[in-house]
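Each chain, written out:
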Number of protein chains: 4
Amino acid sequence: MKNEKAFLRDVQNERDERNVPIDMVGIRGLKYPIVVLDRANGRQRTVGTFDLFVDLPRDFRGTHMSRFVEVLDRHNNRITPRNMESILKDMREFLKADVAHINVFFPYFLRKSAPVSGISSYSSFECGFITRLNEGFDFILEVNVPVMTVCPCSKEISDRGAHNQRANAKVRIRMNSLVWIEEIIEIAETSASAPIFSLLKREDEKFITELSYDNPRFVEDLSREIVLRLEKDPRITWYRVEVASQESIHNHEAYACIEKRGI
Amino acid sequence: MKNEKAFLRDVQNERDERNVPIDMVGIRGLKYPIVVLDRANGRQRTVGTFDLFVDLPRDFRGTHMSRFVEVLDRHNNRITPRNMESILKDMREFLKADVAHINVFFPYFLRKSAPVSGISSYSSFECGFITRLNEGFDFILEVNVPVMTVCPCSKEISDRGAHNQRANAKVRIRMNSLVWIEEIIEIAETSASAPIFSLLKREDEKFITELSYDNPRFVEDLSREIVLRLEKDPRITWYRVEVASQESIHNHEAYACIEKRGI
Amino acid sequence: MKNEKAFLRDVQNERDERNVPIDMVGIRGLKYPIVVLDRANGRQRTVGTFDLFVDLPRDFRGTHMSRFVEVLDRHNNRITPRNMESILKDMREFLKADVAHINVFFPYFLRKSAPVSGISSYSSFECGFITRLNEGFDFILEVNVPVMTVCPCSKEISDRGAHNQRANAKVRIRMNSLVWIEEIIEIAETSASAPIFSLLKREDEKFITELSYDNPRFVEDLSREIVLRLEKDPRITWYRVEVASQESIHNHEAYACIEKRGI
Amino acid sequence: MKNEKAFLRDVQNERDERNVPIDMVGIRGLKYPIVVLDRANGRQRTVGTFDLFVDLPRDFRGTHMSRFVEVLDRHNNRITPRNMESILKDMREFLKADVAHINVFFPYFLRKSAPVSGISSYSSFECGFITRLNEGFDFILEVNVPVMTVCPCSKEISDRGAHNQRANAKVRIRMNSLVWIEEIIEIAETSASAPIFSLLKREDEKFITELSYDNPRFVEDLSREIVLRLEKDPRITWYRVEVASQESIHNHEAYACIEKRGI
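Residues numbered from 1 in each chain as written. Chains lettered and ligands numbered in written order. Predicted model: local features only at pLDDT ≥ 70, side-chain atom pairs only at ≥ 80, totals over all residues. Heavy atoms only, no water.

## Some words on the pattern of salt bridges
Enumeration according to the criterion identifies 116 salt bridges over all chains in this entry. Ionic pairing is found between A:E225 and A:R229, a salt bridge with its closest N-O pair at 3.4 Å. Residue A:E225 and its partner A:R229 are located together in helix 6 (residues 219–231), separated by four residues, close to a single helical turn. On the accessibility criterion, A:R229 (29% relative accessible area) is partly exposed. The residue D:E156 makes a salt bridge to B:R9 at a minimum N-O spacing of 2.7 Å. One end of the pair, D:E156, is in helix 3 (residues 152–157); the other, B:R9, is in the segment before strand 1 (22–38), on a second chain. Classification of D:E156 by relative accessible area gives partly exposed; the value is 27%. Overlapping salt bridges bring together A:D16, A:R18, A:R61, C:D221, C:R224, C:E225 and C:R229 as one network. (Salt bridge = Lys/Arg side-chain N within 4 Å of Asp/Glu carboxyl O. Helix = DSSP H or I, 4+ residues; strand = E, 2+ residues; numbered from the N terminus. Buried < 20%, exposed > 50% of the residue type's maximum accessible area, 1.4 Å probe, protein only.)

Quick look at the structure:
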């Protein structure tokens, strides 16, 4: 009779005597197809990697792991700043929890035109939503923007040339009104020595080389320039900016981090 | 006048005197949105990671890297066993090469139903096309299938229980007629101790646990079972099967590899 | 004359007018050979991956990246809980900073004997020191312990067998007196369903299989068991325990996290 | 009586009726401390990641996974071009196989002096031995050398500056007499636009910037320059050179590969 559902003991639901509440419990690294907002095209299909957690009070032995996937699946794979709170509410209710967390990371594609030839191609940006529902709803947008940095010191001290490299600007923000992924990309790209592209013709390569040489940036400069632009935007209530530059003269990265305080 | 296109010297096109032909030259790790064939739904949008190479004769200094992205972009992101040859032909022609290679890897999602409850969810499978156009057209399909393996030795020698774990079956095939990704997934899943799922209710977990315990498989067994099924399919002309099991009693993998000879 | 050192302008040292202090700036991902403390053998040579950061006041343009490596190199590669504070002091002084951070991660090897046969082999554990010198000195020890978990639910509801898998217990602690890496490993291993080994003979495999089957553990159980043991140790003033289990019936991880509050 | 060793059935040793020989079976991803040859210091302790495989005839069900670790452990962790054949022989004998494979990869550290200041620091290089014992003994040395490449096209067409980046030169060779890892590093570094270092003072940065600007290299150039040097060395009987450049103006790599034919 053990194989009938009515008799399958619910071990997770049993009383736990160890008296240790758990901060976060759930599943990590779930790949799921998702649909996200796209400023130019309305929506974009991509691939999400999910962490889904709740808290667990001291007197329960375990959470019900299958319910995380059920909740996610019910929402038809739509993942936007606008519906995350309702997914979290469902998760909290279905899992009988006080706090719910969803972190989702995904590649986001943007069609960009080369600066001189105008030829267009897709660029990919690793983005993420880091969210929590507790008393309030907390939503952090993460956008990683690959850019180019030319070293100001190398340029200044050298008779010719200047070392440069690809750098990643990881920008995390909290907002009180929708900020598009595309806006963060633009801020990071215009703060760097130059933006980068999947497809550049020779005249574009000349343009990007000269543009970057004319705008040398330490990781310190790039992080500060991004911060100055974020500070001016009243929709952005908090930020954390991390710049990591794949130094062409070293086998390690140069790194700078600035976080807004007081929130 | 240096900044007008007509005067931009084509350095890549210059004569090379070193007398060293290059086997493969191009771009690696390009992320691009793609559309692939889907047996149930016609097509599926996902994210491809591309290697695009050609050969380069001894007397040219360099290839034209931007053309790889142009060719790819022209084909509207459709990537199927049926149109890969024509993309390779375009690439070979546009790059003035004799040999063209495209390797593309992508997550592929399949909706699967749990074995008892019937509840459905997406599973993800890392797939790839490894292709080359030379005198002939060569196409290899790669499908990675995560499954469960129960150790036959552990089951036999132990009074109770048996160690088990997630394993990955990497199946590469050449074919003379279309074989669906879904067919390879089914072969690997039914050859394993048990298939795995993103979403299982308690009655499903009981079923999978017992099914796997009744079908213990070494990596040697799993690779052989897959091979026996591939051998029976007249569409499949070559295979390489690699099984790697994330041993639960060790911090390393158990591994087996079988390749069809004589092609 | 530009190529004589006296005339090389120090761009980093220039005054910055943007009025944005930087929280952390430095280098990331530097691989360096290190020597760490080993309870059994006095010391162990291994390979460290370093992050080295300081803060930067609002009125300086950049930090001096080369000095991070100079400071590290001066200390003869010895990296222990006992000398980290003095390395941080040197770094803070040489970089003229208020705050200095060093994070270093390294594989640590321990010779372990199989439980029945007694045959011995090396197991590797990814460890780390996360340190900061500000007004005070902060030192966090991180130890990752791979172990085995048998699912209590699967065991309870199934007529035979139980799914199990490798799990990682990531334990971070602050301490007021030296706690050995070996002690954290022992706590995590004895809290799990069973420890794991690089080398097990058949009689050991039988022992581990049965031991684990007799001690089923959810990620919730394992994290709580570790916490109960850490709580009893007066040398440990703070902890964060994260358990991630590579579920054999799913293609994602089960995860639990408990952090000590109030420090 | 089942728990006494004499009665533990040897499942692996049973006859297999499926008639499918296995090309490679064993363990993958084992981390083990090793000692390698060091030209300057005699020997160097580092961390190896091992694949250990043998073949398995059609009539055996499984191999004995524990014996791989036993063989490795017996050799006191010394891993050199000189003793690999005897480790493989032991493995082949102990596992009763015809073919044995060992692949081991490890970080190797070299103390290098900056070009102007002379200040010294460690650089790390990912190296590997790819070996097989069949009728003969096959040994491939792999050395990955991070270097700098300046784009010749960008330099030529731009009024100022030139994009550059870190590139990796992966060199694999077969030899008939010992070639040091240090010699391969030197060949790759002197073939590139410039070598790179963990620690450079300002005068060194100026030197490297100018040196690299004066020696622009496509990935095609760098791979060819390395090949020309390898071809001149009578100890080197085969090579495969792969160069991948982390393009600073793109978010993908430029890649070139040249392999010596006819061996």
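## Digging into the environment of D:E242
As for its placement among the helices and strands, D:E242 is situated in strand 8 (residues 236–245). Spatially, the C-alpha atom of D:E242 lies 8.1 Å from that of D:N168, the residues being 74 residues apart in sequence. Ignoring sequence-local partners within four residues, the contact set of D:E242 consists of B:R28, D:N168, D:A169, D:K170, D:Y255, D:A256 and D:C257. Reaching out from D:E242, the side chain makes a polar contact with the side chain of D:Y255 at a distance of 2.4 Å. (Contact = heavy atoms within 4.5 Å. Polar contact = N/O pair within 3.5 Å; in protein donor to acceptor, adjacent residues only side chain to side chain.)

## Some points on the relation of the copies chain C and chain A
For the pair chain C and chain A, the superposition axis carries a translation of 0.0 Å, the fit reaches an RMSD of 0.0 Å, and the rotation angle comes to 180°. Those values place the two copies in the arrangement expected of a two-fold rotation axis. Interface residue correspondence from chain C to chain A reaches 100%, placing this contact among same-surface, isologous pairings. (Least-squares fit on C-alpha atoms with pLDDT ≥ 70 in both.)

## A closer look at the packing of helix 4 (residues 181–191) of chain B against helix 6 (residues 219–232) of chain B
Residue and element names in this part refer to chain B. As a packed pair, helix 4 and helix 6 sit with axes 9 Å apart at the nearest point and diverge in direction by 135°. Here helix 6 runs oblique to helix 4, going by the angle between their axes. The two elements helix 4 and helix 6 cross, and the hand of that crossing is right-handed. Seen from helix 4, the contacting residues are I184, I187, A188, T190 and S191; seen from helix 6, they are L222, E225, I226, R229 and L230. Residues that form the contact of helix 4 with helix 6 fall into these classes: six nonpolar, two polar and two charged. (Axes fitted to C-alpha atoms, helices over the stretch in contact; angles between N-to-C directions. Parallel < 35°, antiparallel > 145°, perpendicular 65-115°, else oblique. Left-handed = near helix turned anticlockwise from the far one by under 90°. Nonpolar A, V, L, I, M, F, W, Y, C, P; charged D, E, K, R; others polar.)

## Examining the interface of chain C and chain A
The interface of chain C with chain A comprises 57 residues on the first partner and 57 residues on the second. With both sides pooled, the region where chain C packs onto chain A buries about 4600 Å², and carbon together with sulfur makes up 53% of that total. Considering only the side of chain C, the residues that lose the most area to chain A are C:R28, C:R224 and C:Y255, jointly responsible for 17% of the buried surface there. Here chain C and chain A share 14 salt bridges between them. In this structure, the salt-bridge partner of A:R28 is C:E253, at a minimum N-O distance of 3.0 Å. For the pair chain C and chain A, the number of links is 32 residue pairs in polar contact (both at pLDDT 80 or more). (Buried area = accessible area lost by both parts, 1.4 Å probe.)

## Section: the relation of the copies chain B and chain D
Related by rotation about an axis and a shift along that axis, the two copies of the chain form a pair. Of the transformation superimposing chain B on chain D, the axial component is 0.0 Å and the angular component is 180°, with the fit at an RMSD of 0.0 Å. Mapped onto chain D, 100% of the interface residues of chain B again fall at the interface, so both copies present the same surface.

## Remarks on empty space enclosed by the protein
Residue and element names in this part refer to chain C. Counted according to the given criterion, the structure contains eight cavities of 30 Å³ or more. As a volume, the largest cavity reaches approximately 120 Å³. Every residue lining the largest cavity is counted, 14 residues in all, and those nearest its centre are L37, P81, F129, W180 and I181. Counting residues per element, the ones that place at least two in the lining of the largest cavity are strand 1 (22–38) and helix 4 (181–191). Taken together, the residues that form the lining of the largest cavity break down as twelve nonpolar, one polar and one charged. (1 Å grid on protein atoms, 1.4 Å probe; cavity = no way out; pocket = protein on both sides within 12 Å on 5 of 7 lines; lining within 4 Å. Points joined across faces, edges and corners; volume = space filled by probe spheres on them.)

## Considerations on helix 5 (residues 202–214) of chain B
The end-to-end C-alpha distance of helix 5 of chain B, which contains 13 residues, comes to 18 Å, matching closely the 18 Å that a straight helix rising 1.5 Å per residue would cover. Looking at the packing, one finds that the buried side of helix 5 of chain B touches strand 5 (137–150), helix 3 (152–157) and strand 7 (194–195) of chain B together with helix 3 (152–157) of chain C. (Expected span 1.5 Å × (residues − 1).)

## Looking at the environment of A:K31
Among the secondary structure elements, A:K31 is positioned in strand 1 (residues 22–38). Sequence separation between A:K31 and A:V47 is 16 residues, and the spatial gap between their C-alpha atoms is 6.9 Å. Engagement of the side chain of A:K31 in a polar contact is seen with the side chain of B:E126, the distance being 3.0 Å.

## Points about the UniProt feature "site: May be catalytically important" (unreviewed entry) in chain A
UniProt tags A:C151 as "site: May be catalytically important" (unreviewed entry). Counting through the fold element by element, A:C151 comes out in the loop between strand 5 (137–150) and helix 3 (152–157). The contact partners of A:C151, leaving out residues within four places of it in the chain, are A:A162, A:H163, A:P216, A:F218 and D:E205. (UniProt positions renumbered as here; feature names shortened; annotations may be inferred.)

## Quick look at the interface of chain B and chain D
For an interface, size is often stated in terms of accessible area lost upon the parts coming together. Contact with chain B, which involves 57 residues of that partner, is made by 57 residues of chain D. Of the roughly 4600 Å² buried at the junction of chain B and chain D (both faces included), carbon and sulfur atoms supply 52%. By the criterion of area lost to chain D, the three top residues of chain B are B:R28, B:R224 and B:Y255, representing 17% of everything that side buries. On inspection of chain B and its partner chain D, the count reaches 14 salt bridges.

## What to know about helix 1 (residues 66–74) of chain B
Of all the nine residues making up helix 1 of chain B, eight are buried; the element is thus mostly covered by neighbouring parts of the structure. For helix 1 of chain B, the set of buried residues is B:S66, B:R67, B:F68, B:V69, B:E70, B:V71, B:L72 and B:D73. Close packing links the buried residues of helix 1 of chain B with strand 3 (100–113) and strand 4 (120–133) of chain A together with strand 1, strand 2 (42–56) and helix 2 (84–94) of chain B. Once helix 1 of chain B finishes, B:N76 follows within two positions and takes phi at roughly 55°, a positive value.

## Remarks on the state of the cysteines
The tally for this structure, following the rule as stated, stands at zero disulfides over all chains. Residue B:C127 stays outside any disulfide, its sulfur separated by 18 Å from that of B:C257, the closest cysteine. Note on B:C127: relative accessible area 1%, which makes it buried. Cysteine C:C151 is unpaired, with the sulfur of C:C153 as its nearest cysteine sulfur at 5.1 Å. The class of C:C151 is buried, set by a relative accessible area of 8%. (Disulfide = S-S within 2.5 Å.)

## Concerning the pairing of strand 2 (residues 42–56) of chain A
Residues and elements named next belong to chain A. Here strand 2 lies mainly inside the structure; eleven of its 15 residues are buried. Pairing of strand 1 with strand 2 involves 14 bridges; the strand directions are antiparallel. The residue bridging I22 from the neighbouring strand is L56, located in strand 2. Hairpin connection, strand 1 to strand 2: the antiparallel pair is bridged by three residues. Bridging between strand 2 and strand 3 involves six bridges; their strand directions are antiparallel. Among the inter-strand pairings, T49 is bridged to a residue of strand 3, identified as F105. (Pairing = 2+ DSSP bridges.)

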